[in-house]
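Summary of the model geometry
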Amino acid sequence: MRQEIEFQSNGDAVRGWLYTPDGGEGPFPTIVMAGGWCYVKEIVQPHYAQMFAENGFAAVLFDYRNFGDSDGQRRQHIDPTMQIEDYRNAISFAETLSEVDSDRIGVWGLSYSGGHSLVLAAIDSRVKCAVSQIPVIDGYLNMRLNNGTVNFRRLEQAILEARRRRFSTGEDTMVPHFTLDTENEISAWPFPEGYEVFGNFQKTVAPNYQYDATLESVDLLMSYNVKSFLPRIVNTPTLVIVAEQDDITLWEEEIGAYNAIPTAKKKLVVIDKSDHLALYSKQTLLLQCATAATEWFLERLMPLNQSL
């Protein structure tokens, strides 16, 4: 079962979906989930929410402020601090629902929100279990390596020019999520294969998806680093899923982050013969990830489990 939901996050209406198991009686252990860079809730995430519901979980899935069906005046602006606050407000909302067992709440995220889920595991004691899939660990390193030296110089200059424009006029400068012309056009994530993958989402399941974000969003990304939070994940069961040869969010950084998490209640899953975008576009790989996440939540959040 899926129903529409709405809650407030710092004065703006956030909208999403609540999934619940068919025919079951709550309250259910519940997974709170949201997406990555420019994502709307229709991109990939319903596959996971559906599998969670089929295995006895409720799932709260939402659009961040400024995106999709949610309110927010600065459209397509990505502020990771705001997004983490949206997650925390989604948890607060979930606690009010009769369908939700507030003592058994987990978080799930991928790509940018994969990093958010690690932060949430560190800072919010209501999170009893976390899944972080192909997470952003160090946004500056991502941008530096993804762009290469010359294009990174162009990106930094564009960010400064956007800041001056915003100061003098109040107007945002936009940057595409992906571009096919990586030699001549700056983009947030300069991988031409992403243009096709996300373009297909827009044409099929996610018409609310838009290709661009504010250039300030990239500036904020370059100040985003989850490493300082990892030592605080002492007792929260945490699953990290990485894609073999992921050169977008950098699988070696993700494995390093996993190794830095001190809890013994952790697990690393590497999806073989994969990469970052293949986990979106190939159903067999998506199924592997969803199954791994579901099994982790079953192990850690179901009532017969005594290890929490």
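Just above, that's the structure.
Residues numbered from 1 in each chain as written. Predicted model: local features only at pLDDT ≥ 70, side-chain atom pairs only at ≥ 80, totals over all residues. Heavy atoms only, no water.

Concerning the layout of surface pockets
Stated precisely, the cut-off is as follows: Grid spacing is 1 Å over the protein atoms alone, the probe is 1.4 Å, and a cavity is where that probe fits but cannot get out, while a pocket is an open set with protein on both sides within 12 Å along at least five of seven lines and lining residues have an atom within 4 Å of a point. Grid points are joined across faces, edges and corners, and a volume is the space filled by probe spheres set on the points. Nonpolar residues are Ala, Val, Leu, Ile, Met, Phe, Trp, Tyr, Cys and Pro. Charged residues are Asp, Glu, Lys and Arg, and all others, Gly as well, are polar.
Its boundaries defined by the atoms lining it, the largest pocket holds a volume of some 240 Å³. Considering the residues around the largest pocket, the lining is formed by 16 residues, among which Asn-200, Phe-201, Thr-204, Val-205 and Tyr-280 are closest to the centre. Among the residues making up the lining of the largest pocket, the classes are represented as nine nonpolar, five polar and two charged.

Notes on the pattern of salt bridges
Counted only if it meets this: Here, a salt bridge means any side-chain nitrogen of Lys or Arg that lies within 4 Å of a carboxyl oxygen of Asp or Glu. Going along the chain from the N terminus, every DSSP run of H or I of four or more residues is numbered as a helix, and every run of E of two or more is numbered as a strand. Buried, partly exposed and exposed residues are distinguished by accessible area as a fraction of the type maximum, computed with a 1.4 Å probe on protein chains only: under 20%, between the cut-offs, and over 50%, respectively.
For the structure on display, the rule yields 17 salt bridges. A salt bridge links Arg-74 to Asp-172, with the shortest nitrogen-to-oxygen separation between them at 2.7 Å. With Arg-74 in the loop between β4 (58–62) and α2 (80–95) and Asp-172 in the loop between α4 (139–169) and β7 (174–176), this residue pair connects regions lying 98 residues apart in the sequence. For Asp-172, a relative accessible area of 22% gives the class partly exposed. Each of the salt bridges in this network shares a partner with another, and the network as a whole consists of Lys-41, Glu-42, Asp-63 and Asp-69.

Here's the deal with the sheet that holds β4
Here is the rule we go by: The criterion for strand pairing is that DSSP finds at least two bridges linking the strands in question. Structural elements are reduced to axes, namely lines fitted to C-alpha atoms, with helices fitted over the stretch in contact, and the angle between N-to-C directions of any two is expressed from 0 to 180 degrees.
In spatial order, the strands read β1-β2-β4-β3-β5-β6-β9-β10; together these eight strands make up an open sheet with mixed pairing. Each having just a single partner strand, β1 (2–9) and β10 (266–271) make up the two edges of the open sheet. Between one strand axis and the next, the sheet turns through 20° on average, direction left out of account. Alignment of strand β9 (residues 238–243) against β10, held across six bridges, turns out to be parallel. Its bridge partner lying in β10, Ala-243 is registered against Ile-271.

A word on α2
Condition: For a helix, the expected span equals 1.5 Å multiplied by the number of residues minus one. Whenever two N or O atoms come within 3.5 Å, that pair is a polar contact, provided that in protein one can donate a hydrogen and the other can accept it, and provided that, for residues adjacent in sequence, both atoms are side-chain atoms.
Between its terminal C-alpha atoms α2 stretches 23 Å, which fits the 22 Å expected from 16 residues at 1.5 Å a residue. For α2, the full list of buried residues reads Pro-80, Gln-83, Ile-84, Asp-86, Tyr-87, Asn-89, Ala-90, Ile-91, Phe-93 and Ala-94. Near the N-terminus of α2, the side chain that reaches the backbone nitrogen of Thr-81, with its oxygen 2.9 Å away, is that of Asp-79.

Structural notes on empty space enclosed by the protein
Using the criterion set out here, one finds three cavities of 30 Å³ or more in the structure. Approximately 90 Å³ is the volume attributed to the largest cavity. Trp-37, Tyr-39, Ser-111, His-177, Phe-178, Trp-189, Phe-198, Ile-248, Thr-249, His-276, Leu-277 and Tyr-280 are the residues that line the largest cavity. Broken down by class, the residue content of the lining of the largest cavity amounts to eight nonpolar, four polar and no charged. Size it by volume and the second largest cavity reaches roughly 50 Å³. The residue makeup of the lining of the second largest cavity, split by class, is three nonpolar, four polar and two charged.

Re the environment of Gln-76
Put simply, the test is: The criterion used for residue contact is that any of the two residues' heavy atoms lie within 4.5 Å.
You can see Gln-76 is positioned in the loop between β4 and α2. Its relative accessible area of 4% is what places Gln-76 among the buried residues. In this structure the C-alpha to C-alpha distance between Gln-76 and Leu-215, which are 139 residues apart in sequence, comes to 9.8 Å. Sequence-distant contacts of Gln-76, defined by excluding residues within four places in its chain, comprise Cys-38, Asn-66, Phe-67, Met-174, Gln-210, Asp-212, Ala-213, Thr-214 and Ser-217.

Observations concerning the pairing of β4
Quick note on the threshold: Note on handedness: a clockwise path from strand one over the helix to strand two, with the strands aimed away from the viewer, defines a right-handed crossover.
The element β4 is largely enclosed, with a buried count of five among its five residues. Of the two faces of β4, the one carrying Ala-58, Val-60 and Phe-62 and the one carrying Ala-59 and Leu-61 are both buried. Of the pairings in the sheet, the one linking strand β2 (residues 12–19) to β4 comprises four bridges and is antiparallel in character. Paired with Gly-16 across the two strands is Phe-62, which belongs to β4. In this fold, strand β3 (residues 28–34) hands off to helix α1 (residues 45–54), which returns the chain to β4; that crossover is right-handed.

Focus: a negative patch on the surface
In plain terms, the rule: Only residues above 30% relative accessible area that lack a salt bridge enter a patch, with like-charged residues linked at up to 9 Å and the nonpolar side chains Val, Leu, Ile, Met, Phe, Trp and Tyr linked at up to 5 Å. Per-residue and other accessible areas were derived by the Shrake-Rupley procedure at a 1.4 Å probe size, with only the shown protein chains allowed to occlude residues. Counting rule applied: Lys, Arg positive; Asp, Glu negative; His and chain ends not counted. A charged residue contributes its charge at one atom only: NZ of Lys, CZ of Arg, CG of Asp or CD of Glu.
A cluster of acidic residues, Glu-193, Asp-247, Glu-252 and Asp-275, forms a negative patch at the surface. Here Asp-275 lies in the loop between β10 and α8 (278–281).

A word on unusual backbone geometry
With an omega dihedral of 5°, the bond running from Gly-26 to Pro-27 counts as a cis peptide bond. Topologically, Pro-27 is positioned in the loop between β2 and β3. The phi angle at Leu-250 is positive, at roughly 70°, despite the residue not being glycine. Its location among the elements puts Leu-250 in the loop between β9 and α7 (251–260).

Concerning helix α3 (residues 112–123)
With 12 residues, α3 should reach 16 Å at 1.5 Å per residue; the first-to-last C-alpha distance of 17 Å fits that figure. The element α3 is largely enclosed, with a buried count of 11 among its 12 residues. Of the residues making up α3, those classed as buried are Tyr-112, Ser-113, Gly-114, Gly-115, His-116, Ser-117, Leu-118, Val-119, Leu-120, Ala-121 and Ala-122. Along its buried surface, α3 packs onto β3, α2, β5 (100–110), β6 (127–133), α6 (215–221) and β9.

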